[in-house]
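This is what each chain is made of:
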Amino acid sequence: MRVGFMGSTRTLIISDLHLGKGARGKPPAAFRPIWQGFGRLIVNGDVAETSDPRRGDRARAAVESLKSMCEADGVELILLAGNHDPDVSDLRHLWLWGRRVLVMHGDAIHPEYEPWSSTGRIYQRLFTEAMRQRAREGSRLASRLAAAQWTAEQHWANYQHERHLPAAARIAFQPWLILRIFDFWRRYPEAAARVLEADAPEARILIVGHTHRAGIWHV
């Protein structure tokens, strides 16, 4: 576990590249200009679709390509696991700047997991149950992250048995999903603040991905 590093190295944090997603996805080389001038690149979860049974091989090849490009550019690459790539790294969070900044993907923040998914409510129940079972295992933060990882693994283990439509198609047939997504976005910053207060009170800043909504919130 890497904890608390700082120093003079310029660090870039990005997330949710979802490499290997298919024809609409971008190749790793498309992101190469972004990290120029930085010495360290942290990809905060969902770097690639490594757990998707339809895209896993292509996604893993994309991750290896990303690693090779960073090595060639002299950039230290740190991958944090997310809910689409729980197998890509043993790291699920990082502490920066003397534990004042916590970096994690963000799927462990809110039990609704993925409100835009047709199976989101199922995995909300799984996450809640996993949290209950892990309540006394190590630190609260470690338990939360382990519960999120287990939930993601269950999702992909059962993926081939579920019906799946693109998000746009699901919203077209189930327009109320729009309300669930906006409500999820609305409640997410305060949910994140509660997690910090309960599980990581020393942190003053939390950096997450997962929601695909860019912004800065003061709570």
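Refer to the preceding data block for the structure.
Quantities reported herein were computed from a predicted structural model and do not represent experimental measurements.

Asks: It is not clear to me how the nonpolar core should be interpreted in this structure. Could you clarify?
Replies: Nonpolar side chains in soluble globular proteins tend to end up buried together. The biggest cluster of nonpolar side chains holds 22 residues, and the ones touching the most others in it are Leu-19, Trp-35, Leu-41, Val-43 and Val-47. For this core, the secondary-structure elements that each account for two or more residues are strand E2 (11–14), strand E3 (40–44), helix H1 (56–72) and strand E4 (76–80). In terms of residue count, the dominant contributor to this core is H1 (6 residues). Dropping the residues within four chain positions of it, Val-47 is found in contact with Leu-17, His-18, Leu-19, Val-63, Leu-66, Leu-79, Asp-85 and Val-88. By size, the runner-up hydrophobic cluster in this structure holds 21 residues, among which are Ile-109, Ala-148, Tyr-188 and Ala-192.

Asks: Before we go on, may I ask you to explain the pairing of E4 in this structure?
Replies: In regular strands, side chains alternate between the two faces of the sheet. Where burial is concerned, most of E4 is hidden: 4 out of the 5 residues are buried. Sheet topology note: the E3/E4 ladder contains 5 bridges and is parallel. Considered in E4, the bridge of Leu-41 is made with Leu-77. The parallel pair E3 and E4 is bridged by H1, and the resulting crossover is right-handed.

Asks: Sorry, what's going on with the side chain of Arg-144 here?
Replies: By the element assignment, Arg-144 lies in helix H3 (residues 140–157). A distance of 2.8 Å separates polar atoms of two side chains, one belonging to Arg-144 and the other to Asp-199. Every residue in contact with Arg-144, bar those within four places of it in the chain, is listed here: Ala-108, Ile-109, Phe-127, Met-131, Val-195 and Asp-199.

Asks: What should I look at first to understand the environment of Ile-122 in this one?
Replies: One can find Ile-122 in helix H2 (residues 120–133). Placed 33 residues apart in sequence, Ile-122 and His-155 show a C-alpha to C-alpha distance of 9.2 Å.

Cut-offs applied
For every chain, the first residue of its written sequence is number 1, and the numbers climb from 1 along that sequence. Given that the model is predicted, a residue must reach a pLDDT of at least 70 before its local features are reported, and side-chain atom pairs must reach 80 or more before they are shown or counted; all residues, however, enter totals for whole chains, interfaces and linings. Only hydrogens and water are set aside; all other atoms, that is, all heavy atoms of the structure, feed into the side-chain values. Throughout this description, the term nonpolar core refers to a set of buried Ala, Val, Leu, Ile, Met, Phe, Trp, Tyr and Cys residues connected via side-chain atoms within 4.5 Å. For every residue, the accessible area obtained with a 1.4 Å probe (protein chains only) is divided by the maximum for its type, and the residue is called buried under 20%, exposed over 50%, and partly exposed between those limits. Comment: elements are numbered from the N terminus, with helices defined as DSSP H or I runs of at least four residues and strands as E runs of at least two. Any two residues whose heavy atoms approach within 4.5 Å are treated as being in contact. When DSSP finds two or more bridges between a pair of strands, those strands are recorded as paired. By definition, the crossover connecting two strands over a helix is right-handed if that path, from the first strand to the second, turns clockwise as seen with the strands pointing away from the viewer. Polar contacts, as used here, are pairs of N or O atoms within 3.5 Å; protein pairs need one atom able to donate a hydrogen and one able to accept it. Residues neighboring in sequence count only if both atoms are side-chain atoms.

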